[in-house]
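These are the residues of each chain, in order.
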Amino acid sequence: MGKNPYNINSLFLANLLSTDVPTICCYNTAKLPAGISKLSIFFGVVIPTLLSMFSVVVFLRIGFVVGQSGLCQAIAMFVVAYFIICMTVLSVCAISTNGALDAGGAYYMISRALGPEFGGSIGIMFFLANVCGSALYVLLLHLVFFLDGTVATSPYQILPSGYWWSLLYATGVALLCLLVCLVGAHIYAKATFLIFLVVMFVLGTIFISFFAVRPRTILLPSSAAFNPSANGTGPSFPTTANFTGFKLDTLRGNLWADYTVDYTTGTMMTFATVFAVMFNGCTGIMAGSNMSGDLKNPSYAIPRGTITAVIFTFIIYNLLMALVACSCDRVLLQRDYSFLRDINIWNPFVTIGVYSSTLSAAMSNLIGASRILYALARDDLFGKVLSPAKKTSHSGNPWVSVLISWFLVQLVLFSGKLNTIASIVTIFFLLVYAAVDLACLALEWASAPNFRPTFRYFTWHTCVLGIIGCAVMMFLINAIYASASIAFMLLLLLLIHYLSPTSSWGYISQALIFHQVRKYLLMLDVRKDHVKFWRPQVLLMVSNPRSSIGLITFINDIKKSGLYVLGHVQLGDLNTLPSDPLQSQYDSWLSLVDQLNIKAFVNLTLADSVRHGVQHLLFISGLGGMRPNTLVLGFYDDCLPKDKLIDPSLSTSQSTDPPGPFQLEQPPLFHFVLGPQEYVAIIADAMKMLKNVVLARYFNNFDRAQALSPPSSSPGKGAVYVDVWPVNLLRPDSCSYVDTCSLFLLQLACILNMVRAWRKAKLRLFLCVEGGRSVRGSEEKLGQLLKELRIKAQIYTVPWDQQVALHWQRQNDWGKKQRSQSPDTATDEKKLRADEEEEENEDDYVNSFPSNATRLSDDYLSAVNKLILDQARPPPAVRFLYLPRPPADTRRYTAYLRQLELLTQDLGPTLLIHGVTPVITTDL
């Protein structure tokens, strides 16, 4: 004989120390035409599963396992192995009985449960495993014929051998499998039934032989035939062994383990290696479920047929082990893995059984690979790459997929070194089993109402045990290959995630997330809130999102992992409309959120006025402890809207027009929709509901990238600043820096500075002082406060005596006017002032709108505005200003808004902020 070109011993799959290829049949996953009858439980599930689980294992593995491990450990191994696969069988049965099961088998189950990413990656691995499995069984078939220990050493050898001859024989067998698969699955189903009859007949002769054949001495194969490198220099081994018939001494000699060197590879056996080899004989459990497209009633047939086949094979394996242990001595079991042929009533029976089961395994893996490829192509997970594989014949046979699969099988045959591939293939199959368990576990944990399988003999515990068992076996077979296979699966998962189109199958991840979020929201108790864990939870009111991109992205920066809701009010009355007009707009809003890459929710409402709509959103937005605590509004001014999504010169974001409500002709935020009276009323409503309020002005042209990249020629050498004015500039008679609103201002500025993009920005805190007060003392006090609050900021003292003088000058002018008024008018003014002062005294509102608002002259406000502008050297990226409370008298809302407008005139991006709740603490 020539040198074995494939570097594989004569009983290749029977003696791989840690690998084997389970036969996973996948038959016809294409939908059959109406004229073709479908298969019953026996032909569609029981027969494929039995042949897959038996293959050559029943003829070549039993003696190996009992001879090395002994009967007791062998039975224990099979019990453990069948326990692992039974956990997966329960998952398969549960998923297959949960509604209509389409063609695709295990791939269909996994992809429809776990989503296209996981399903596609497992599907590719399942396909490759079947391709390599078919090649391995083709190779085994011709190796058994030529190198089975008798023909190889016989002088009557007829056919030549060598690398190219071996490749020729393997190619011939592969072509035979190709022809059967090209004809169609119905022909293959008939062929498998004939093979099943042959295998069952051979098994019957084996059982009969234990009783009918008399004790005999059997010549053992030479080790040199399998391990030529020994060259006769190794230890000598017995050349004969005994078939003793049923004897108690023989049973006693085979009860316990006696691990020794494998005569075909020269490797020392251990419990782990024998268990890994034996475990592969228990695989093949998905053959029936992969027949789902050809079964009359998959939900009925799969659980019953699969469980029947598993029980039958378990009984057969244990009976064979018991008979072998009672009748064959240990040397025969350890030194001749094909001993069942030597003790058979007619030796060729076992050889016929080996050939039949091996040919069946090769064909089933080939046709299985083609059906998996067809299912992947039909789902368009890989675009046009697999589009040719969609083509089918008139009978529904995917012949292009069959040809592609056969071509890949031929490439594997050319590669030659298949021992390594066999280990990876086995691990691929175990990954598929674990994925099925994971799919069932995810469906069970999601508690989806539509997951109600008729097969109920499973729990999430069985799924977890199945996953753990498959994972342990993967690493027991080969830890390196197992790790590489998992890495390969994750790589495929990422590729499909980023390259494949969105599917309509439903994502189990969404159901799991919903289940977990609901559970944790219930655990989020608002009664346990503490100021040191406070974070902004923002409701941003948006009228025209196309012109509000700058504000939307900026508010996303200051949310600090808190809740962020984009709110929109559409005016209308549902009584006069045929349907809710907001439902069709949600997808467009969500597309905007995705395009801007912000982490925000969308909440839309229909109301008869903007004020009522904002009230609705403040009341209903959020759940449990996740509710908005801060309302952000655009400023009420006459700035024209600019489409930031369509004009690249206005924004770095470029996009085509999204459908839905994002039309440029819609008004900007509250512009032309409501008057100043209603606008200020919204602010007052939010404060009554104990919501912090932020008014954003001049953000219509805001661009974060531009704001954070000032020209290097500007003063400050390109530094970025954020200015904070923590004093109520509308009340120069009250210069407190430690009230709730001032601290809220500092907190938001600090949060912005904590965002990665804004970390290089420097906080500038401006301390307004009058000449008669201690400047140094005020500065030290504020610096100490910042140190305690762990806020890093530069403090600048700003004298504003001239501005305050303008204020008091107006006060004196107002006093003279007051004395010249009629008694009735003066009485009304005094009464109104008394009411407002009483309100201020009751609530101690340092941050309130001043009772002498009418006496804040335009000159004073313009002077303060100029003061702010003069301190901005260089100009800041954004300013934080103190927002006083609106006046109690609604008649003064217009004056309030006008004074805010004068105060912030031409300041650039500015936030007017009013805080109502404590948000800062010095405690740990």
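Residues numbered from 1 in each chain as written. Predicted model: local features only at pLDDT ≥ 70, side-chain atom pairs only at ≥ 80, totals over all residues. Heavy atoms only, no water.

Per an unreviewed UniProt entry, the protein is named Solute carrier family 12 member 9, and its organism is Amphiprion ocellaris. Reading the Subcellular location (unreviewed entry) entry of the UniProt record for the protein gives the comment "Membrane". Per UniProt, the comment on the protein under Sequence similarities (unreviewed entry) is "Belongs to the SLC12A transporter family." (UniProt positions renumbered as here; feature names shortened; annotations may be inferred.)

Chemist: How do you make sense of a nonpolar patch on the surface when you look at a structure like this?
Modeler: Side chains of L491, L494, L495, Y498 and L499 sit close together on the surface and give an oily, nonpolar patch of about 580 Å² of accessible area. By secondary structure assignment, the location of L491 is in helix α18 (residues 479–499). (Patch = residues over 30% accessible without salt bridge, like charges linked within 9 Å, V, L, I, M, F, W, Y side chains within 5 Å. Areas by Shrake-Rupley, 256 points an atom, 1.4 Å probe, with all protein chains shown as cover. Salt bridge = Lys/Arg side-chain N within 4 Å of Asp/Glu carboxyl O. Helix = DSSP H or I, 4+ residues; strand = E, 2+ residues; numbered from the N terminus.)

Chemist: Is there a simple way to think about unusual backbone geometry in this case?
Modeler: Backbone phi values are negative for most residues with the exception of glycine, while trans is the configuration of most peptide bonds. Phi at N597 takes a positive value of approximately 60 degrees, unusual for a residue other than glycine. Structurally, N597 is set in the loop between α21 (586–596) and β5 (601–607). What makes N597 exposed here is its relative accessible area of 66%. For R790, which is not glycine, the phi torsion reads 55 degrees and is therefore positive. Along the polypeptide, R790 turns up in the loop between α26 (775–788) and β10 (794–799). Exposure remark for R790: the relative accessible area of 55% places this residue in the exposed category. (Buried < 20%, exposed > 50% of the residue type's maximum accessible area, 1.4 Å probe, protein only.)

Chemist: Just checking my understanding: could you explain the nonpolar core for this structure?
Modeler: Note that soluble globular proteins tend to have their nonpolar side chains buried in a common cluster. Residues F59, F210 and L320 are the most contacted members of the largest nonpolar core, which totals 151 residues. For this core, the element with the most residues is helix α4 (residues 62–96), which contributes 19 residues. Not counting residues within four places of it along the chain, the set of residues in contact with F59 comprises V199, V202, I206, Y337, L340, V350, G353, V354 and S357. Grouped together as the second largest cluster of nonpolar side chains are 60 residues, I558, F699, A707 and A761 included. (Core = buried A, V, L, I, M, F, W, Y, C linked by side-chain atoms within 4.5 Å. Contact = heavy atoms within 4.5 Å.)

Chemist: I would appreciate a short explanation of the pattern of salt bridges in the present structure.
Modeler: Think of it this way: side chains of opposite charge can pair up when their charged atoms draw near. If you walk through the whole model with that rule in mind, you get 11 salt bridges. Across the pair R341 and D342 runs a salt bridge, and its minimum N-O distance is 3.7 Å. Each member of the pair R341 and D342 is classed as buried. With its nearest N and O atoms 2.5 Å apart, the salt bridge here joins D380 to K390. Within this pair, whereas D380 is found in the loop between α14 (348–378) and α15 (399–415), its partner K390 is found in the loop between α14 and α15, the two being separated by 10 residues in sequence.

Chemist: Can you walk me through a positive patch on the surface in this structure?
Modeler: On the surface, a cluster of positive charge is made up of R535, K560, R756 and R759. Residue class for R759 comes out exposed when judged on its relative accessible area of 54%. (Lys, Arg positive; Asp, Glu negative; His and termini not counted. Charge placed at Lys NZ, Arg CZ, Asp CG, Glu CD.)

Chemist: Just to check I follow, could you spell out the pairing of strand β8 (residues 721–725) for this structure?
Modeler: Counting buried positions along β8 yields 5 of 5 residues, so the element is predominantly enclosed. The alternating pattern of β8 places Y721, D723 and W725 on one face and V722 and V724 on the opposite face, and all of these are buried. As paired elements, β8 and strand β9 (residues 762–769) share 4 bridges and run parallel to each other. By the bridge assignment for β9, V722 is matched with L763. (Pairing = 2+ DSSP bridges.)

Chemist: Whenever I open this one, the environment of F533 confuses me. Can you help?
Modeler: Within the secondary structure layout, F533 lies in the loop between α19 (508–523) and β3 (538–541). By relative accessible area, F533 is classed as exposed at 61%.

Chemist: Just to check I follow, could you spell out the environment of G70 for this structure?
Modeler: For G70, the position within the fold is in helix α4. Take G70: its relative accessible area is 0%, and that puts it in the buried class. For the pair G70 and W256, spaced 186 residues apart in sequence, the C-alpha separation works out to 4.4 Å. Ignoring any residue separated from it by four or fewer positions in sequence, one finds G70 in contact with V65, N254, L255, W256, A257 and R330.

Chemist: What's the story with the sheet that holds β3 in this structure? I'm lost.
Modeler: Taken in spatial order, the 10 strands of this open sheet run β5-β4-β3-β6-β7-β12-β11-β8-β9-β10, and their pairing is mixed. The open sheet is flanked by β5 and β10, the only strands paired with a single partner. For this sheet, the mean angle separating the axes of adjacent strands, direction not counted, is 25 degrees. Here β3 runs beside strand β4 (residues 564–571); their pairing, made up of 4 bridges, is parallel. Within β4, the residue paired with L539 across the bridge is V565. Against the sheet, α21 engages β4 and β5, with an angle of about 145 degrees to β5. (Axes fitted to C-alpha atoms, helices over the stretch in contact; angles between N-to-C directions.)

Chemist: What's the story with the pairing of strand β6 (residues 630–634) in this structure? I'm lost.
Modeler: With 5 of 5 residues buried, β6 is to be regarded as a mostly interior element. A two-sided burial pattern is seen for β6, the buried positions comprising T630, V632 and G634 on one face and L631 and L633 on the other. Pairing between β3 and β6: 3 bridges, direction parallel. Across the sheet, residue V538 finds its bridge partner in β6, namely T630. Of the pairings in the sheet, the one linking β6 to strand β7 (residues 692–697) comprises 5 bridges and is parallel in character. Its bridge partner being in β7, L633 is matched across the sheet by L695.

Chemist: Explain the side chain of T313 here, please?
Modeler: Looking at the element boundaries, T313 is found in helix α11 (residues 298–327). Within polar-contact distance, the side chain of T313 engages the side chain of Y82 at 2.8 Å. Look past the residues within four positions of T313 in its chain and what remains in contact with it is L50, M53, F54 and Y82. (Polar contact = N/O pair within 3.5 Å; in protein donor to acceptor, adjacent residues only side chain to side chain.)

Chemist: I tried to follow the packing of aromatic side chains on my own but got confused; where do I start?
Modeler: Using the criterion set out here, one finds 28 aromatic pairs in the structure. For the ring pair F54 and Y317, a centre distance of 5.7 Å and an interplane angle of 80 degrees mean the geometry is edge-to-face. Remark: Y317 occurs in helix α11 and F54 occurs in helix α2 (residues 41–54); sequence separation between them is 263 residues. Using a relative accessible area of 1% as the deciding quantity, one classes F54 as buried. With a centroid separation of 6.3 Å and an interplanar angle of 10 degrees, the aromatic rings of F428 and F488 are classed as stacked. Remark: F488 occurs in helix α18 and F428 occurs in helix α16 (residues 419–446); sequence separation between them is 60 residues. Taking relative accessible area as the criterion, F428 reaches 8% and is therefore assigned buried. The structure contains a cluster of three or more aromatic residues connected by ring pairs, namely F54, F78, Y82, F312, F314 and Y317. One residue, K519, lies across the ring of Y520, its end atom 5.2 Å from the ring centre. The cationic tip of R764 hangs over the ring face of Y721; the distance from NZ or CZ to the ring centre is 4.2 Å. (Phe/Tyr/Trp six-rings, centres within 6.5 Å; stacked < 30°, edge-to-face > 60°. Lys NZ or Arg CZ within 6 Å of the ring centre and 35° of its normal.)

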